[in-house]
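Chain and residue survey
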Amino acid sequence: MVSGRIHSVESFGTVDGPGIRMVVFVQGCPMRCLYCHNPDTWLAEGGTLISSQELLEQYQRNAPFYRGGGLTVSGGEPLLQKEFVTDLFTQAQARGIHTCLDTSGIAFDPDHPQQVMPLLAVTDLVLLDIKQIHPQRHRQLTGHDNRRILEFARLLDQTGVEMWIRHVYVNQQWNPPQDLMALGEFLGSLKHVRAVDVLPYHTMGEVKYQRMGLDYPLKGIAPASAQQAREARQTILQGMRKARREAAQSEVSGKEQRGKV
């Protein structure tokens, strides 16, 4: 029986994948996103040890509510506990439960992709948080480079795992239009992106920083509006269309050149 370090469990999640879902928030995250609203999930040694079996029993008690939904593991960072999540998802799929992984991809090791393949084999959907496409701004925002995240997205695409992309819009300083276009162009190179959600930055987590005696990194920055998030999403979609149009033109040109040989 495999156990994981669990921060909390939400019985009726409606924004963490399709339908109504049970959402398991694991403990531990290497990133320190400036707008993180769950700093209490950072430390890997926190949380409560709970077995896969216990979580599935909890799911079954509310199973009638999850029709059309399923089970999502979020965080923290689930890839830090991939053996546990793999066991949980394996048992869930055996019971016909839809599985969704909500991850930043930061704990993926591009040099050893085989380590994550057993988990992907039992994952129906990945909610992939891409914080920033620009490497330097990503490091400023999270404390980490984004290479692992982009490589993880490419691996998901190669293996045919469906992705919903999430991106937080703060303001034009942190999300300039050229970065949004570049993100769209990257996503346009992937074949298995099924949705793109842009979430407006909010300050609801600031109170947690105060309780924990931490300085809030983005103090004084106003929350983004829903309209700003919608406009940012349109720019990303524009970049996706551009990339796909150019790919299609390149394919036609290649066929024409081969036809002349």
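Our structure is the block above this text.
Since the structure is predicted, the reported quantities are computational estimates derived from the model, not experimental observations. (Residues numbered from 1 in each chain as written. Predicted model: local features only at pLDDT ≥ 70, side-chain atom pairs only at ≥ 80, totals over all residues. Heavy atoms only, no water.)

Overall, mixed pairing links the eight strands, which are arranged S3-S1-S2-S4-S5-S6-S7-S8 in an open sheet. Of all strands in the sheet, those with a lone pairing partner are strand S3 (48-51) and strand S8 (193-200), marking the two edges. Strand after strand, the sheet turns through a mean of 30° between neighbouring axes, direction not considered. Note: strand S1 (residues 3-13) against strand S2 (residues 21-26), five bridges, orientation antiparallel. Looking at the pairing, valine 9 lines up with valine 24 of S2. (Pairing = 2+ DSSP bridges. Helix = DSSP H or I, 4+ residues; strand = E, 2+ residues; numbered from the N terminus. Axes fitted to C-alpha atoms, helices over the stretch in contact; angles between N-to-C directions.)

Running from N to C, helix H1 (residues 52-61) and helix H2 (residues 82-94) point in directions that differ by 40°, and their axes come no closer than 9 Å. Relative to H2, the element H1 lies oblique. Of the two elements, H1 crosses H2, and the hand of that crossing is right-handed. Contact residues: Ser52, Gln53, Leu55 and Leu56 in H1; Phe84, Asp87, Leu88, Gln91 and Ala92 in H2. In the contact of H1 with H2, the residues fall into five nonpolar, three polar and one charged. (Parallel < 35°, antiparallel > 145°, perpendicular 65-115°, else oblique. Left-handed = near helix turned anticlockwise from the far one by under 90°. Contact = heavy atoms within 4.5 Å. Nonpolar A, V, L, I, M, F, W, Y, C, P; charged D, E, K, R; others polar.)

It is worth spelling out H2 at this point. Along an α-helix, residues three or four apart share an orientation, since each turn contains 3.6 residues. Across its 13 residues, H2 extends 18 Å between first and last C-alpha, which sits within 8% of the 18 Å expected from 1.5 Å per residue. By the burial criterion, the buried members of H2 are Lys82, Phe84, Val85, Thr86, Leu88, Phe89 and Ala92. In the stretch just after H2, glycine 96 is the one whose phi turns positive, near 80°. (Expected span 1.5 Å × (residues − 1). Buried < 20%, exposed > 50% of the residue type's maximum accessible area, 1.4 Å probe, protein only.)

This paragraph deals with the pairing of S2. With six of six residues buried, S2 lies mostly within the body of the structure. Alternating residues of S2 divide into Arg21, Val23 and Phe25 and Met22, Val24 and Val26, and every residue in both groups is buried.

Scanning all chains against the criterion turns up six aromatic pairs. Here the aromatic rings of phenylalanine 12 and tyrosine 66 are separated by 6.1 Å at their centres, their planes lie at 40°, and the arrangement is tilted. With phenylalanine 12 in strand S1 and tyrosine 66 in the loop between H1 and strand S4 (70-74), the pair connects residues that are 54 residues apart, well separated along the chain. On the accessibility criterion, phenylalanine 12 (41% relative accessible area) is partly exposed. Aromatic rings pair up to connect Phe12, Tyr59, Phe65 and Tyr66 into one cluster. (Phe/Tyr/Trp six-rings, centres within 6.5 Å; stacked < 30°, edge-to-face > 60°.)

So, on to the pairing of strand S5 (residues 99-103). Of all five residues in S5, five are buried; the element is thus mostly enclosed. Inspection of the sheet shows S4 paired to S5 by three bridges, in the parallel sense. Bridging across to S5, leucine 71 finds its partner in threonine 99. Regarding the hand of the β-α-β motif, the stretch spanning S4, H2 and S5 is right-handed. Where S5 lies against strand S6 (residues 125-129), four bridges are found, and the strand directions are parallel. (Right-handed = clockwise from strand over helix to strand, strands pointing away.)

Our next topic: the environment of arginine 21. Looking at where arginine 21 falls in the secondary structure, it is placed in strand S2. Take arginine 21: its relative accessible area is 0%, and that puts it in the buried class. Taking the C-alpha atoms as reference, arginine 21 lies 9.4 Å from alanine 63; in sequence the two are 42 residues apart. In terms of polar contacts, arginine 21 uses its side chain to reach the backbone carbonyl oxygen of leucine 71, at 3.1 Å. A distance of 2.6 Å separates the side chain of arginine 21 from the side chain of threonine 72, its partner in a polar contact. (Polar contact = N/O pair within 3.5 Å; in protein donor to acceptor, adjacent residues only side chain to side chain.)

Moving on: the nonpolar core. Leu71, Phe89, Leu128, Phe152 and Leu187 are the most contacted members of the largest nonpolar core, which has 68 residues in total. Not counting the four nearest positions on each side in its chain, phenylalanine 89 is found in contact with Leu71, Val73, Thr99, Cys100, Leu101, Leu119, Val122 and Thr123. (Core = buried A, V, L, I, M, F, W, Y, C linked by side-chain atoms within 4.5 Å.)

This part covers the side chain of threonine 235. Relative to the elements of secondary structure, threonine 235 occurs in helix H8 (residues 226-260). Take threonine 235: its relative accessible area is 19%, and that puts it in the buried class. In this structure threonine 235 touches Pro177, Leu180 and Met181, once residues within four positions along its chain are discounted.

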